[in-house]
Amino acid sequence: MNRKLLKKLALSGFVLGVATGCSGMGKMADAPSRAAGTPALAAKSADKARAALEAGKPSKAVGLAEAAVAGSPRDAGFRALLGQAYLNDGRFASASAALTEAMELGATDSNTILSLTLSQIAQGKNGEAVSLLTRHRDTVPAPDLGLALALAGDAEGSLYVLGQAARAEGAEARTRQNFALALALSGRWAQARIVASQDLSLDKLEGRMAEWSKLAEQPNAQVRVAGLIGTEAQQDAGMPVRLALSNFADTQMAAAEPVSAPAVLASADPAPVADYAPPPPVLADAGSTIRSVELPMPVRTKGGVVPVTELPQPTPAGEMILAETAPYRAAPRAQGEGRIRPAQQQALELATVLIPKAMGFDAKNPDGWAVQLGAYDSLAIAKEKWGTLKKRNNMLGNFPASSHAATIKGRTYYRLTVNGLASRTDATSLCNQLKAQGQTCFIRAMGGGETIQWAAKAGSMRLASR
C-alpha cells in the first residue's frame, strides 16, 4: 500500500499498521531470495512489483509478483509480496492462498499476519482470523492486534488488548485512536468519542466519528475491507494453479552416506539334506497295539431261536420346572437418574413460559419488563446491532425487540431492548442466560409511555434437536 493511501486511511480513522511495497513489507519481502538457484529475473520482477505497489498500481504489481514467484517458487518473501499485491488489488481469495503459503515457507512477520487476517475477514472467515491472531499475539504489535480483533468481531478481546496498551506509559496517539475505533465498532460510541477527543480537535473529531459510523454500518465484509485499504473488491477465482506451492516440492535431498562395507548375500547353494530334511515318520508296533476280541456265542432257546435283547428304556424325566410367570420388572434407577438437568430446565422454561409471553408484546402500548442490550447514537446503529446479535445468539430471535429514544444530559440515545417479559423474574432469568453466553445486558421496567420508533417481531420458535 503506498504512502498516499496510508495517509488517506489515517485521516479517515483507519490506523492499522498494514502496508506493502518498500514502506511496509519489512525484512521478509525486501530481503533477497534465499532459495537455491533463484534466477536473477525473479529478483528483478520482485523489485518492479514493489515499485508498482509504491506507485499505487496493484494490478501491475500482481503480474510482476506472479513472475517473481514463478521464477523462484519456494521463496517466502516473493510469495508474501504476491499476497500483498492480491490484497491491494481486491482479490481476497488469492491473497489468502499466497499469504498462507508464504507462512508455510517461514514468513511470520507481523505485516504478513495482518494482511492474511484482513483477507480472511473479507471472506467472512472471522473465526480463522481470530485464531491466526491468537497464535501470533506475541508477534503482532498490540495496537494492530487489538484493532484486527475488532474487525474480526472479537469485541471483548480487542478492547482488552487495546485498553491495556492505551493505558500503558508512553502510549501513542495511534494506539488511542485504535482503541476508540474498537469501542465504536462494539457499539460504545460515547466512550469512543471521549477517547478519540484526546488527540483530535472538535471539527476533526466529528469527521472521524462520521467515517467510523459509515464503517460500522457497512454489512458487506468485502466492501468494508476494500474500503479500509483503498481498493475495490473483485471477482476472484483464486491464485493460478500453476503457482501453487504444492507444485514445487522441496527437491533438496540429503547426501547419501557411503556404504562402509559390501553387502553380504546369502549363499545360493542348497542346504544339506541331513541338516534340513524332516525326520522319517515313526511307525507304531502292530503286535503290541492290535489284539483279538472273542465275542460270546448267543444263547438259544429250546426251539433254537435266539431271543431279541430288550432295548434299554430311557430314564424318566424328573419334575418339569416352569418359567416364572410374574411380569417383568425394570432394574431400579440409580439415585438422581431421570431428573431434569439445569440446562434442560432452562430450555423448558424458555420454550414454555418466556417465549409464549413475549409473543404477546404490543409495541403501541409497551409494558412489562425488558432486557436492554445496549444504547447507541442512532436508530440505524441499533437496528444493525440487533441483526448482529441475533446471528451470534439464536435464542434472541425468539423474542420481539424494539428501540426507543432516551435523552440523558442533553444527548439522545437509542436503547435496544428485548421486550414482552411479564415479570422481573422472567427478565432476570433471560438476562442471566444471555450473560452466561457472553452477552452484556441489564433489566428495566417499561413504563408504557415510551415511544417505540422501531420494533421487530419475534421469529418462529426454534428448539435444539435431541
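Every value quoted in this text rests on a predicted model; they were computed, and no experiment measured them.

### Quick look at the overall build of the protein chain
Per the secondary structure count, the protein chain includes 19 helices and five strands. Within the protein chain, buried positions represent 39% of all 466 residues. Considering only contacts in the protein chain between residues 6 or more positions apart, those separated by 24 or more positions represent 67%. Carbon and sulfur atoms form 56% of the exposed surface of the protein chain, whose accessible area is close to 28100 Å².

### Describing the state of the cysteines
Scanning all chains against the criterion turns up one disulfide. What pairs with Cys 431 in a disulfide is Cys 441, and their sulfur atoms sit 2.2 Å apart. Handedness of the Cys 431-Cys 441 disulfide follows from its S-S torsion of about 110°: it is right-handed. Linking Cys 431 in helix α19 (residues 424-436) with Cys 441 in the loop between α19 and β4 (442-445), this pair joins segments that are ten residues apart in sequence. Looking at Cys 441, the relative accessible area reads 10%, which means it is buried.

### Notes on the nonpolar core
By size, the foremost hydrophobic cluster in this structure holds 88 residues, and its most contacted members are Val 371, Leu 373 and Trp 386. Here Trp 386 is in contact with Leu 373, Leu 396, Phe 399, Ala 401, Leu 416, Val 418, Trp 454 and Ala 456, once residues within four sequence places are set aside.

### Structural notes on the confidence of the model for the protein chain
For the protein chain, per-residue confidence averages 74 on the pLDDT scale, and 65% of positions sit at 70 or higher. This stretch, residues 19-37, has a pLDDT under 50; its non-local contacts, to residues over four places away or in other chains, come to 50 contacts. Confidence drops under pLDDT 50 across residues 282-293; counting only partners more than four residues distant or on other chains, this segment forms zero contacts.

### Here we look at a positive patch on the surface
Together, Lys 44, Lys 48, Lys 57 and Lys 60 make up a region of like positive charge exposed at the surface. Note on placement: Lys 44 falls in helix α3 (residues 40-54).

### So, the pattern of salt bridges
Under the counting rule described, the total for this entry stands at eight salt bridges. One salt bridge connects Arg 50 with Asp 47, and the closest N-O pair in it is separated by 2.9 Å. Here Asp 47 and Arg 50 lie together in helix α3, a separation of three residues that amounts to about one turn. Under the relative-accessibility criterion, Arg 50 is labelled buried at 5%.

### Re the packing of helix α9 (residues 142-151) against helix α10 (residues 155-167)
For the pair α9 and α10, the least separation of the axes is 8 Å and the interaxial angle reads 155°. Judged on the interaxial angle alone, α10 and α9 are roughly antiparallel. Crossing angle aside, the handedness with which α9 passes α10 is left-handed. Contact with α9, carried on its side by Ala 142, Pro 143, Leu 145, Gly 146, Leu 147, Leu 149 and Ala 150, involves Gly 157, Ser 158, Val 161, Leu 162 and Ala 165 of α10 and no other residues of that element.

### With respect to the packing of α3 against helix α4 (residues 58-71)
Direction vectors running N to C along α3 and α4 enclose 160°, while the axes themselves pass 8 Å from each other. Overall, the two elements α3 and α4 adopt an arrangement that is roughly antiparallel. Along this stretch, α3 crosses α4, giving a crossing that reads as left-handed. Residues Ala 42, Ser 45, Ala 46, Lys 48, Ala 49, Ala 52 and Leu 53 of α3 touch α4, and the partners they reach there are Pro 58, Lys 60, Ala 61, Leu 64, Ala 65, Ala 67, Ala 68 and Gly 71. Of the residues assigned to the contact of α3 with α4, the class counts are eleven nonpolar, two polar and two charged.

### Some remarks on helix α18 (residues 379-392)
Relative to the 20 Å expected for 14 residues at 1.5 Å per residue, α18 spans 20 Å between its end C-alpha atoms, a close match to the ideal helical length. Three or more residues of α18 are buried, namely Ile 381, Ala 382, Lys 385, Trp 386 and Leu 389. Looking straight down α18, one finds its buried side chains confined to an arc of 140°; they lie on one side.

### Re the sheet that holds β4
Here we have five strands laid out as an open sheet, ordered β4-β1-β3-β2-β5, and antiparallel in their pairing. Both edges of this open sheet fall to β4 and β5 (452-456), since each of them pairs with a single strand only. Taken pair by pair, the neighbouring strands of this sheet meet at an average axis angle of 40°, ignoring direction. With six bridges connecting them, strand β1 (residues 369-376) and strand β3 (residues 411-421) associate as antiparallel partners.

### Concerning the side chain of Gln 120
Note that Gln 120 resides in helix α7 (residues 110-122). A polar contact of 3.4 Å, which involves the side chain of Gln 120, links it to the backbone nitrogen of Ala 129. Non-local contacts of Gln 120, meaning those with residues more than four positions away in its chain, are made with Ser 96, Lys 125, Glu 128, Ala 129 and Leu 132.

### Section: the environment of Ser 378
Following the sequence through the fold, Ser 378 ends up in the loop between β1 and α18. The exposure class assigned to Ser 378 is partly exposed, which follows from its relative accessible area of 22%. When near neighbours in sequence (up to four residues on either side) are disregarded, Ser 378 contacts Glu 217 and Tyr 414.

Reading the values: the criteria
Residues numbered from 1 in each chain as written. Predicted model: local features only at pLDDT ≥ 70, side-chain atom pairs only at ≥ 80, totals over all residues. Heavy atoms only, no water. Helix = DSSP H or I, 4+ residues; strand = E, 2+ residues; numbered from the N terminus. Buried < 20%, exposed > 50% of the residue type's maximum accessible area, 1.4 Å probe, protein only. Contact = heavy atoms within 4.5 Å. Areas by Shrake-Rupley, 256 points an atom, 1.4 Å probe, with all protein chains shown as cover. Disulfide = S-S within 2.5 Å. Core = buried A, V, L, I, M, F, W, Y, C linked by side-chain atoms within 4.5 Å. pLDDT = per-residue confidence, 0-100. Patch = residues over 30% accessible without salt bridge, like charges linked within 9 Å, V, L, I, M, F, W, Y side chains within 5 Å. Salt bridge = Lys/Arg side-chain N within 4 Å of Asp/Glu carboxyl O. Lys, Arg positive; Asp, Glu negative; His and termini not counted. Charge placed at Lys NZ, Arg CZ, Asp CG, Glu CD. Axes fitted to C-alpha atoms, helices over the stretch in contact; angles between N-to-C directions. Parallel < 35°, antiparallel > 145°, perpendicular 65-115°, else oblique. Left-handed = near helix turned anticlockwise from the far one by under 90°. Nonpolar A, V, L, I, M, F, W, Y, C, P; charged D, E, K, R; others polar. Expected span 1.5 Å × (residues − 1). Arc of directions from axis to C-beta. Pairing = 2+ DSSP bridges. Polar contact = N/O pair within 3.5 Å; in protein donor to acceptor, adjacent residues only side chain to side chain.

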